[in-house]
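# Chains, contacts and geometry: an overview
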Amino acid sequence: MVIHSPTQPPSPTAPTTAHGGLVVGNYCHDVLIRDHHVTAHALGGAPSFIIPVLHSLSLPFLLLSKVGSDFSYSSATTTTTLHPPIVVSTSQTTVFHAHFLSATPDTTSLPPSGHPDRILKRVGSCDPITPSDLPSNSLFLFGLAVGVAGEILPETLQTMLDLCDVVFVDAQAIIRTFDPEDGTVSLVNLNETGFFHLLPRIAFLKCSAEEAIFVDIEEARKWCCVVVTCGRHGCEVFWKDGELKVPPFAADQVDPTGAGDSFLGGFAAGIVMGLGVWDAALLGNFFGSLAVAQVGPPKLDAKLFQVVKDEMQKRKIQDFPCLERRGDWLGFRESPDQDQFYESLAATKTVVMSQIQEPDWNLVSSPKESAEQNNSKAKLPLNYVQEEPIPSCDGKP
């Protein structure tokens, strides 16, 4: 069951059954720099952070990502082995330099990227993802538009909306611009982009507190559910008829890169697996707090998350979100036993962090050691993906 009408009638051979999810966004090379010294090289791009989250919760999906022939992580991680990108021989892999500030930043005067703790520069970019790259012969229960370097075009997002029942969009995919001289990342107002007219078809729009200024929450919430991440203060959720705040999890920050991506992966997984908005947002905060404790994509052991999946099963309100009548959707109602879910996630986080902090995972020791450890950081068991189909709104697979 699709919640929108495609721009063109489906062909007689078009599929009628939706399967799993569609994640769209490019892998990147991330270079972390502090005081003009390179401290780490890591696999980057939103998919590299979202994939471990979806795997840890056994949620099946298809990845659409592009890299150049210079991609350094083709066989270095299980993430890229199980979900390989399209290699464009005539292009280079997208590269970001993250320049971290030693002094405590003045948040009243943000860098152009909107990140108070760093200056981002896109120093190289791969080809964009076009509508023709998407699998037009398949439908999907959910989609994640998670570009970071301008690789998702308005027409690509529109095609995703045609193919997917529910689409989650990260604001950084649609409001970033890049200085033509040095690649410094800046933000523009959403209503000045080619994506603004698509808001009524987007189910959930995620943005950081800094990006929220450019999104215009009061306008966007008229059309879709807006989720704003607030770092150590948790997150806030806004929709047409209400709003709510969700508490954070304590975290010792090593690298903030990918925290928002991990949050969105957890939030989307929660919604898709039947949780209410509050519970899904808490799950997003949980995964975001795990991401900041490591350099590069998080290491998540699927076995440790069985208790989380069991708790999610108990708390789900329906098999799959049906959003045609968003004002009546059960997901916006207050979740029962919120403290219990928080405590369950906090207990799992303690176990996960104890593994991360073992001697073999000392990611702040030296630049060389950090770079070497990142090469094997996102290794996931081969049996991560659960092949059972996600039930649709009418209960059919």
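Further up the page is the structure itself.
Below or above, wherever it landed, is the structure these notes cover. Note that the coordinates shown come from a computational prediction; the quantities given were computed from them, not determined experimentally. (Residues numbered from 1 in each chain as written. Predicted model: local features only at pLDDT ≥ 70, side-chain atom pairs only at ≥ 80, totals over all residues. Heavy atoms only, no water.)

Each helix and strand in the protein chain was counted, giving 11 helices and 16 strands. Considering only contacts within the protein chain whose residues lie at least 6 apart along the sequence, 70% involve residues at least 24 apart. (Helix = DSSP H or I, 4+ residues; strand = E, 2+ residues; numbered from the N terminus. Contact = heavy atoms within 4.5 Å.)

Turning next to the sheet that holds strand β16 (residues 242-246). Pairing is mixed across the open sheet formed by eight strands, whose spatial order is β4-β1-β9-β10-β13-β14-β15-β16. Of all the strands in the sheet, just β4 (61-64) and β16 have a single pairing partner and so form its edges. Looking at each pair of strands side by side, their axes are set apart by 15° on average, direction ignored. Judged from the four bridges that link them, strand β14 (residues 225-229) and strand β15 (residues 235-239) form a sheet pairing that is antiparallel. When the bridges of β15 are listed, V228 appears paired with E236. Seen against the sheet, helix α8 (residues 277-291) touches β13 (204-208), β15 and β16 and runs at an angle of roughly 35° to β16. (Pairing = 2+ DSSP bridges. Axes fitted to C-alpha atoms, helices over the stretch in contact; angles between N-to-C directions.)

Glancing now at the nonpolar core. If you look at the biggest cluster of nonpolar residues, it comprises 70 residues, and the most contacted ones within it are L144, F168, F204, F267, L283 and F287. Sort the elements by how many residues they give to this core and α8 lands first, with nine residues. Core analysis: the next-biggest nonpolar cluster, separate from the first, contains 37 residues, I175, L199, C207 and I217 among them. (Core = buried A, V, L, I, M, F, W, Y, C linked by side-chain atoms within 4.5 Å. Buried < 20%, exposed > 50% of the residue type's maximum accessible area, 1.4 Å probe, protein only.)

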